[in-house]
Amino acid sequence: MDKSIDKAVADLGRNIGEYIREQRNNAKISLRELAKQAGVSNPYLSQIERGLRKPSAEILQQIAKGLRISAEVLYVEAGILQQREGGALADAIVAATDLTERQKQVLLDVYESFRRENAAKNKEE
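Residues numbered from 1 in each chain as written. Predicted model: local features only at pLDDT ≥ 70, side-chain atom pairs only at ≥ 80, totals over all residues. Heavy atoms only, no water.

1. Concerning the layout of surface pockets
Here's step 1: As a volume, the largest pocket reaches approximately 200 Å³.
Here's step 2: At four residues, helix α7 (residues 101-124) tops the list of elements feeding residues into the lining of the largest pocket. (1 Å grid on protein atoms, 1.4 Å probe; cavity = no way out; pocket = protein on both sides within 12 Å on 5 of 7 lines; lining within 4 Å. Points joined across faces, edges and corners; volume = space filled by probe spheres on them. Helix = DSSP H or I, 4+ residues; strand = E, 2+ residues; numbered from the N terminus.)

Put into structure tokens, the structure is as follows:
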């Protein structure tokens, strides 16, 4: 396999691990506590955070649940999904734990309609 591909895959693992560690620290959750909530071993989560292991989508979903953030955010960070067009605001709406899925969709729809309206105005100018 091409060495540049190997390096890109290794960098992806490091990036998602750093992101998970940052989110865990921001949430003031210990490594042990997050590992327990996510249903993974302490050493495995530590290896993910250090970029030594690249977690599967299923493990990312469990970690996201433990961090109380959207799994979609972790999928984007891991390179599994592309970032939404709405950028950080759309990601924040999706990650909001105090909104229902229906409320999130309505907010995203309204936001996207404003973006389209502004884009159309900018084309006219």
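2. Considerations on the nonpolar core
Here's step 1: Counting 21 residues, the largest nonpolar core has I20, L34, L45, L60, I63, L67 and L74 as the members making the most contacts within it.
Here's step 2: With sequence-adjacent residues up to four places away left out, L60 is seen in contact with I16, I20, P55, L74, Y75, A78 and I80. (Core = buried A, V, L, I, M, F, W, Y, C linked by side-chain atoms within 4.5 Å. Buried < 20%, exposed > 50% of the residue type's maximum accessible area, 1.4 Å probe, protein only. Contact = heavy atoms within 4.5 Å.)

3. Looking at unusual backbone geometry
Here's step 1: The phi dihedral of K28 falls on the positive side, at around 55°, and the residue is not glycine.
Here's step 2: In this fold, K28 is placed in the loop between α1 (3-26) and α2 (31-38).
Here's step 3: Here K28 falls in the exposed class, since its relative accessible area comes to 75%.
Here's step 4: One non-glycine residue, R68, lies in the positive phi region at around 60°.

4. Side note on α2
Here's step 1: When we look at burial in α2, the residues that qualify are L34, A35 and A38. Axial view of α2: buried residues confined to an arc of 100°, hence all on one face. Along α2, the residues that are exposed and aim more than 90 degrees away from the buried face are R32 and K36.
Here's step 2: Once α2 ends, the next one or two residues include G39, with phi positive near 75°. (Arc of directions from axis to C-beta.)

5. Some words on the side chain of S70
Here's step 1: When you line up the elements, S70 lands in the loop between α4 (57-67) and α5 (71-78).
Here's step 2: Judged by relative accessible area, S70 falls into the buried class, the value being 11%.
Here's step 3: The contacts of S70, once residues within four sequence positions are left out, are A64, V94 and A95.

6. Quick look at the confidence of the model for the protein chain
Here's step 1: Chain-level pLDDT for the protein chain is 83 on average; 86% of the residues reach the 70-or-more range.
Here's step 2: Across the protein chain, the secondary-structure element scoring lowest on mean pLDDT is α1, at 70, and the one scoring highest is α2, at 96. (pLDDT = per-residue confidence, 0-100.)

7. Concerning the pattern of salt bridges
Here's step 1: Within the structure shown, the criterion is met by six salt bridges.
Here's step 2: Between E112 and R116 there is a salt bridge; the shortest N-O distance is 3.9 Å. Here E112 pairs with R116, and both are found in helix α7, just four residues apart, close to one helical turn.
Here's step 3: In this structure, K121 and E117 form a salt bridge, with 3.5 Å as the shortest nitrogen-oxygen distance. Within this pair, K121 and its partner E117 are both found in helix α7, separated by four residues, close to a single helical turn.
Here's step 4: Each of R21, R24 and E49 takes part in salt bridges that share partners, so that together they form one network. (Salt bridge = Lys/Arg side-chain N within 4 Å of Asp/Glu carboxyl O.)

8. Overview of the packing of α2 against helix α3 (residues 42-49)
Here's step 1: Their axes nearest at 9 Å, the elements α2 and α3 cross at an angle of 110°. The orientation of α2 with respect to α3, classified from their angle, is roughly perpendicular. Contacts from L31, R32, L34 and A35 of α2 reach α3 at N42, L45, S46 and E49.
Here's step 2: Residue composition of the contact of α2 with α3, by class: four nonpolar, two polar and two charged. (Axes fitted to C-alpha atoms, helices over the stretch in contact; angles between N-to-C directions. Parallel < 35°, antiparallel > 145°, perpendicular 65-115°, else oblique. Nonpolar A, V, L, I, M, F, W, Y, C, P; charged D, E, K, R; others polar.)

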